[in-house]
Amino acid sequence: MMKVISYPDRAQWATLSARPELDNAAVLASAKSILSEVRERGDAALRDLTEKFDGYRPENLLMAKAEIASAAQEVSDQLKAAIALAEGNIRRFHEAQREVMKPVETMPGVRCWRKSLPIQRVGLYIPGGTAPLFSSLLMLGLPAKIAGCAEIVLCTPPGKDGKVHPAIRYIAAQLGIDEVYTVGGAQAIAAMAYGTESIRKVDKIFGPGNRYVTAAKQLVQEAGTAIDMPAGPSEVLVIADAQSNPAFVASDLLSQAEHGADSQVMLAVSDSAGDATDFVAEVQSALKGQLAALPRKEAATKALENSSIFRFRNDEEVMDFSNAYAPEHLIIATENASELAEKVTVAGSVFIGPWTCESAGDYASGTNHTLPTHGYARSYSGVSLDSFIKKVTFQEISRTGLQNIG
């Protein structure tokens, strides 16, 4: 279960909350080899690598429109309703991010303004396998559509039968994305970054993935292809106190832990509302009970083994720790959550109050779940409408303006 660290000195915070250090040398070498192979051999390399890693050799990399459309018969009405609810909320939140700047006259006869223009061709990577992230297609495809991106490319790996999860195909159809390629992994990133006979290169690549996908994105960024943001294993920090609901807190911790063995799950407990010793014990007990019923129990257990519960004397220390840690997801599960939320200076996405569970934001509240990890929240924002937009400045100067500025 999670180890408990009580009242650590500030000098220890950085060490105690460090992300797990992974030896990426072999991963980077493998990703670099795959990128090179795709760059040199194009579609032939994509077919060979898909057969090697996914157990299926695609004849046509581009999915037929009929196959995309057929997903409507394969997805249950219940899931369609859930997707529709999430789509509506995500659309409303991202449409509200449109920005139109009025021209500014910086001096008589000199007008300056900025215009938001869509990135023309974007590539979305959506993982498949045991946990197809079809929710990520909503999170990326919707703002791309709202921004007005002219061409949206979707790459997703096939199963051993050559099929793509019906929910991914259904959402692609709902969003009007018909350029769907059955290719995954680092090879998909290479195809979108460099282009092949079938897949034209894109201007910017978005989407989550495993360590090889992440490494490939980092490498193509170095070579000049824009990506959404640096990424690492997912993480959450929950802030609680003696009055918080231990069962709710345990559920929020587990909803992150089940992402994978390398996920980092942190609980910061303040003694401001009273001694939290019993609360910490109740959280540990709730974790044990809920873990037993979790389908992804093994991954969650390993994640918890590498995670910690921190005790702090007061709310001020808790918030200072949170801002130093720079969490991807920050859940404030205290009675004074709104007050503490005002003290947040660094986080990917903030969840305020006991009823604002992380899973709601991950799927359907409307905010985007593509967020900076590994402390990158200090300098990066999560994906938004702006991620799919270029902001171009304009100026117009009259004869009088030119004389004035001259």
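Residues numbered from 1 in each chain as written. Predicted model: local features only at pLDDT ≥ 70, side-chain atom pairs only at ≥ 80, totals over all residues. Heavy atoms only, no water.

Chemist: Just give me the short version of the pairing of strand β5 (residues 151-155), but keep the residues and values in it.
Modeler: Across the five residues that make up β5, a large majority, four, are buried. When strand β4 (residues 121-125) meets β5, the two strands line up parallel, connected through five bridges. The residue bridging Y125 from the neighbouring strand is C155, located in β5. Pairing geometry for β5 and strand β6 (residues 179-181), over three bridges, is parallel. Pairing of C155 across the sheet is with Y181, part of β6. For the crossover that starts at β5, traverses helix α7 (residues 166-175) and ends in the parallel β6, the hand is right-handed. (Buried < 20%, exposed > 50% of the residue type's maximum accessible area, 1.4 Å probe, protein only. Helix = DSSP H or I, 4+ residues; strand = E, 2+ residues; numbered from the N terminus. Pairing = 2+ DSSP bridges. Right-handed = clockwise from strand over helix to strand, strands pointing away.)

Chemist: Give me the lowdown on the pairing of strand β11 (residues 308-312), citing residues and values where you can.
Modeler: Counting buried positions over the five residues of β11 gives five, a clear majority of the element. Of the two faces of β11, the one lined by S308, F310 and F312 and the one lined by I309 and R311 are each fully buried. Examined bridge by bridge, strand β10 (residues 264-270) and β11 share five bridges and lie parallel to one another. Looking across to β11, one finds that A268 is bridged to F310.

Chemist: Provide a residue-level description of the packing of aromatic side chains, including the pertinent values.
Modeler: This model, assessed by the stated rule, comprises ten aromatic pairs. Both rings, one in F206 and one in F388, keep their centres 4.0 Å apart while their planes meet at 10°; by these two values the pair is stacked. Here the residue F206 occupies a position in strand β7 (residues 204-206), and F388 occupies one in the loop between α15 (358-363) and β14 (389-397), the gap between them amounting to 182 residues. Overall, F206 belongs to the buried group, its relative accessible area being 0%. Judged by relative accessible area, which is 0%, F388 ranks as buried. Note on F312 and F321: the rings are 5.1 Å apart at their centroids and 40° apart in plane angle, and the pair reads as tilted. A residue is classified by how much of its surface remains accessible, and F312, at 0% relative accessible area, is buried. A relative accessible area of 1% means that F321 is categorised as buried. Each member of the aromatic cluster is reached from another via a ring pair, and the members are W13, F310, F312, F321 and Y325. (Phe/Tyr/Trp six-rings, centres within 6.5 Å; stacked < 30°, edge-to-face > 60°.)

Chemist: Give me the lowdown on the state of the cysteines, citing residues and values where you can.
Modeler: Applying the stated criterion across every chain, the model contains zero disulfides. Free of any disulfide, C155 has its nearest cysteine sulfur in C149, 16 Å distant. When its relative accessible area of 0% is taken as the criterion, C155 is described as buried. (Disulfide = S-S within 2.5 Å.)

Chemist: Give a detailed account of the pattern of salt bridges, specifying residues and quantitative values.
Modeler: Scanning the model with the defined rule gives 21 salt bridges in all. Between R169 and E74 there is a salt bridge, with the nearest N and O atoms lying 2.8 Å from each other. Residue R169 is located in helix α7, and its partner E74 is located in the loop between α4 (65-69) and α5 (77-95); the two are separated by 95 residues in the primary sequence. Residue R169 is classed as buried on the basis of its relative accessible area of 3%. With a shortest N-O distance of 2.8 Å, R121 and E179 are connected by a salt bridge. Of the two residues, R121 sits in strand β4 while E179 sits in strand β6, which places them 58 residues apart along the sequence. We classify E179 as buried; its relative accessible area is 17%. Each member of the salt-bridge network shares a partner with another, and the members are E37, R41, D48, E51 and R57. (Salt bridge = Lys/Arg side-chain N within 4 Å of Asp/Glu carboxyl O.)

Chemist: An account of a nonpolar patch on the surface is requested, with residue identities and associated values reported.
Modeler: Together, I397, L402 and I405 line one region of the surface with nonpolar side chains, adding up to about 280 Å² of accessible area. Its location among the elements puts L402 in helix α16 (residues 399-405). Take L402: its relative accessible area is 53%, and that puts it in the exposed class. (Patch = residues over 30% accessible without salt bridge, like charges linked within 9 Å, V, L, I, M, F, W, Y side chains within 5 Å. Areas by Shrake-Rupley, 256 points an atom, 1.4 Å probe, with all protein chains shown as cover.)

Chemist: How would you sum up the side chain of K217? Please name residues and give values.
Modeler: Mapped onto the secondary structure, K217 falls in helix α9 (residues 211-222). For K217, a relative accessible area of 5% translates into the label buried. From its side chain, K217 meets the backbone oxygen of G207 in a polar contact 2.7 Å long. Excluding residues within four positions of it along the chain, K217 makes contact with I189, I205, F206, G207, I227, D228 and M229. (Polar contact = N/O pair within 3.5 Å; in protein donor to acceptor, adjacent residues only side chain to side chain. Contact = heavy atoms within 4.5 Å.)

Chemist: Can you tell me about the packing of helix α10 (residues 246-257) against helix α11 (residues 277-292), naming the residues and giving the values?
Modeler: Relative orientation and spacing of two packed helices are given, respectively, by the angle between their axes and the distance between those axes. In contact at an axis separation of 8 Å, α10 and α11 are set at 55° when each is read in the N-to-C sense. One finds that α10 runs oblique with respect to α11. Like other packed secondary-structure pairs, α10 and α11 cross with a definite hand, here right-handed. Across the interface between the two elements, P246, A247, V249, A250, S251, L253 and L254 of α10 pack against F279, E282, V283, A286, L287, Q290 and L291 of α11. Tallied by class, the residues present in the contact of α10 with α11 amount to eleven nonpolar, two polar and one charged. (Axes fitted to C-alpha atoms, helices over the stretch in contact; angles between N-to-C directions. Parallel < 35°, antiparallel > 145°, perpendicular 65-115°, else oblique. Left-handed = near helix turned anticlockwise from the far one by under 90°. Nonpolar A, V, L, I, M, F, W, Y, C, P; charged D, E, K, R; others polar.)

Chemist: Can you lay out helix α6 (residues 134-147) for me, pointing to particular residues and giving the numbers?
Modeler: Along an α-helix, residues three or four apart share an orientation, since each turn contains 3.6 residues. The terminal C-alpha atoms of α6, which comprises 14 residues, lie 20 Å apart, in line with the 20 Å expected from a rise of 1.5 Å per residue. Here α6 lies mainly inside the structure; twelve of its 14 residues are buried. Among the residues making up α6, those that are buried are S135, S136, L137, L138, M139, L140, G141, L142, P143, A144, I146 and A147. Two residues or fewer past α6, G148 is found with a positive phi of approximately 95°. (Expected span 1.5 Å × (residues − 1).)

Honestly, it's all geometry; don't read function into it.
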